[in-house]
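Each chain is listed here by its residues.
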Amino acid sequence: PYLGEGLFSHVGASGIAGFTSACVSTPADVVKTRLMNSAGGDRVYTGMLQAGSRILMDEGPAALYKGFLPICIRKLVWCAAFFVSYEQIRDQYKKTTL
């Protein structure tokens with residue numbers, strides 16, 4: 001670890017993980033949501049790839065990141081809580097078993 005062990009490095013690493021996760025998963029979430037919304041009525045899309053390409057062509061790349069801010073905040077909070085807790089519990093476990 002370049003920054004060493006500690007709360008600052010764990011929060012920083014979990015923030016990077018949460019942001020990266022939001023960047024990668026948001027387009028898939030948008031396509032999935034569009035498919036689910038069109039399932040009951042007129043079938044606008046035939047599948048994931050067709051829906052993704054149609055969204056890109058009709059609305060542009062920014063449409064795949066609609067709702068990015070709430071997703072990013074949720075993932076940042078979750079990753080920070082999970083990974084910081086995990087590291088703290090792991091450190092305490094190591095201290096008690098050695």
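Below, the structure is looked at part by part.

What counts, and where the lines are drawn
- Residues numbered from 1 in each chain as written.
- Predicted model: local features only at pLDDT ≥ 70, side-chain atom pairs only at ≥ 80, totals over all residues.
- Heavy atoms only, no water.
- Helix = DSSP H or I, 4+ residues; strand = E, 2+ residues; numbered from the N terminus.
- Expected span 1.5 Å × (residues − 1).
- Buried < 20%, exposed > 50% of the residue type's maximum accessible area, 1.4 Å probe, protein only.
- Contact = heavy atoms within 4.5 Å.
- Axes fitted to C-alpha atoms, helices over the stretch in contact; angles between N-to-C directions.
- Parallel < 35°, antiparallel > 145°, perpendicular 65-115°, else oblique.
- Left-handed = near helix turned anticlockwise from the far one by under 90°.
- Nonpolar A, V, L, I, M, F, W, Y, C, P; charged D, E, K, R; others polar.
- Phe/Tyr/Trp six-rings, centres within 6.5 Å; stacked < 30°, edge-to-face > 60°.
- Salt bridge = Lys/Arg side-chain N within 4 Å of Asp/Glu carboxyl O.
- Core = buried A, V, L, I, M, F, W, Y, C linked by side-chain atoms within 4.5 Å.

Between its first and last C-alpha, helix H3 (residues 68–97) extends 42 Å over 30 residues, near the 44 Å set by a 1.5 Å rise per residue. What H3 keeps buried is the set Phe68, Ile71, Cys72, Lys75, Cys79, Val84 and Glu87. For H3, the secondary structure elements touched by its buried residues are helix H1 (7–37).

Before going further, it helps to examine the packing of H1 against H3. Here H1 crosses H3 at 140 degrees, and the two axes come no closer than 7 Å. Here H1 lies oblique to H3, going by the angle between them. The interaxial crossing formed by H1 with H3 has right-handed handedness. Considered class by class, the residues forming the contact of H1 with H3 number 14 nonpolar, eight polar and four charged.

For the coordinates displayed, the defined rule picks out five aromatic pairs. Within the aromatic cluster, the residues linked to one another by ring pairs are Trp78, Phe82, Phe83 and Tyr86.

Taken as a whole and judged by the stated rule, the model has four salt bridges. Arg34 serves as the salt-bridge partner of Glu59, at 2.9 Å between the closest nitrogen and oxygen. One end of the pair, Glu59, is in helix H2 (residues 48–59); the other, Arg34, is in helix H1, with 25 residues separating them in the sequence. One salt bridge connects Glu87 with Arg90, and the closest N-O pair in it is separated by 2.6 Å. Pair noted here: Glu87 and Arg90 are both in helix H3, with a separation of three residues, about one helical turn. Given the relative accessible area of 16%, Glu87 is considered buried. Taken together, the shared-partner salt bridges in this structure form one network comprising Arg34, Glu59 and Lys66.

Counting residues in hydrophobic clusters, the biggest one holds seven residues: Val30, Val31, Tyr45, Ala51, Ile55, Ala63 and Leu64. Residue contacts for Val31: discarding those within four places in its chain leaves Met48, Ala51, Gly52, Ile55 and Leu64.

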